[in-house]
Amino acid sequence: METDDNEARSAPRAVRIDHRQVRVLAHPLRMRLLGALRVRGPATATALAELLGTNTGATSYHLRQLAEVGLVVEDPDRGSGRQRWWQAAHDVTNWEPTDFDDDPDARAAIQWIQGDQVRLLVEHAERWFAVEHEWSPAWRDALGMGDIFMSIPPARLEALKADVWQVLERYRAESDPPEPGAEQVQVFLAAYPLLEEYR
């Protein structure tokens, strides 16, 4: 099947993480390093250390750990001499919680990663609330969150998540950073059961 060049360029590089990768990724600095490389693009350990408020030695060590499991790679088009440039090997990390049912350590690692995502959401929301008055009315109305309640079986919830994800991927592929008024935004997709005590 032939693929349109634009479509190939816009398709995100994805990885379904394995047991070894999830154990390596479940670390606060490694999560931040991978996120910075995905959002900002290739960088040196020195630049990443400055950005993340850590030291170059720690940054270099953790980049090598991520590289050992294929989550980051050296950027072959940059760097000279001893200066190494790193880039994310993928745009998206995928997994299913049941991928790690047979491995208690990997299961604990993925639970830590999911908890870190929630902490990140809370941190971003709190930072936004502190500065939202500085943004235009259009942005203040466009940003934010909402929720909805429904009764749905697992298969239909999987289908719903897939549909919503396709919409998000379409908008991502059609995004145009130089477009006037464009800003980088982060969209979270979450679905959790309404536990008995809240029903």
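Report on the accompanying structure. (Residues numbered from 1 in each chain as written. Predicted model: local features only at pLDDT ≥ 70, side-chain atom pairs only at ≥ 80, totals over all residues. Heavy atoms only, no water.)

1. Things to note about the overall build of the chain
We count it as follows: Comment: elements are numbered from the N terminus, with helices defined as DSSP H or I runs of at least four residues and strands as E runs of at least two. Only protein chains enter the accessibility calculation, which uses a 1.4 Å probe; a residue whose area is less than 20% of its type maximum is buried, one above 50% is exposed, and one in between is partly exposed. Any two residues having at least one pair of non-hydrogen atoms within 4.5 Å are treated as being in contact. Here, Shrake-Rupley sampling with a 1.4 Å probe gives the accessible areas, and only protein chains in the shown set may cover a residue.
When helices and strands are counted, the chain shows eight helices and five strands. The secondary structure elements of the chain, listed N-terminal to C-terminal, are α-β-α-α-β-α-α-β-β-β-α-α-α. C-alpha extents for the chain along the principal axes are approximately 60 × 50 × 45 Å. Across the 199 residues that make up the chain, the buried fraction comes to 23%. Considering only intrachain contacts with a sequence separation of at least 6, the fraction spanning at least 24 residues in the chain is 63%. A total accessible area of about 14,400 Å² is found for the chain, and carbon and sulfur atoms account for 52% of it.

2. Side note on the side chain of threonine 93
Along the polypeptide, threonine 93 turns up in strand 5 (residues 92-94). Residues in contact with threonine 93, not counting those within four places in the same chain, are Val15, Ile17 and Arg38.

3. Some words on the pattern of salt bridges
Stated formally: For this analysis, a salt bridge means a side-chain nitrogen from Lys or Arg found within 4 Å of a carboxyl oxygen belonging to Asp or Glu.
As enumerated under the stated definition, the model contains eight salt bridges in all. The residue aspartate 91 makes a salt bridge to arginine 13 at a minimum N-O spacing of 3.1 Å. On the criterion of sequence distance, the pair formed by aspartate 91 in the loop between strand 4 (85-88) and strand 5 and arginine 13 in the loop between helix 1 (5-10) and strand 1 (14-16) is long-range, its members being 78 residues apart. A relative accessible area of 30% places aspartate 91 in the partly exposed class.

4. A word on the sheet that holds strand 4
Threshold: Criterion used throughout: strands pair if DSSP finds at least two bridges between them.
Taken in spatial order, the three strands make up an open sheet running 2-4-3, and their pairing is antiparallel. A single partner strand is all that each edge strand has here, and the edge strands are strand 2 (43-44) and strand 3 (72-74). Direction of pairing for strand 3 relative to strand 4: antiparallel, over a ladder of three bridges. Residue pairing in the sheet places valine 72 in a bridge with alanine 88 of strand 4.

Note that every value here comes from positions in space, so none of it alone points to a role or purpose.
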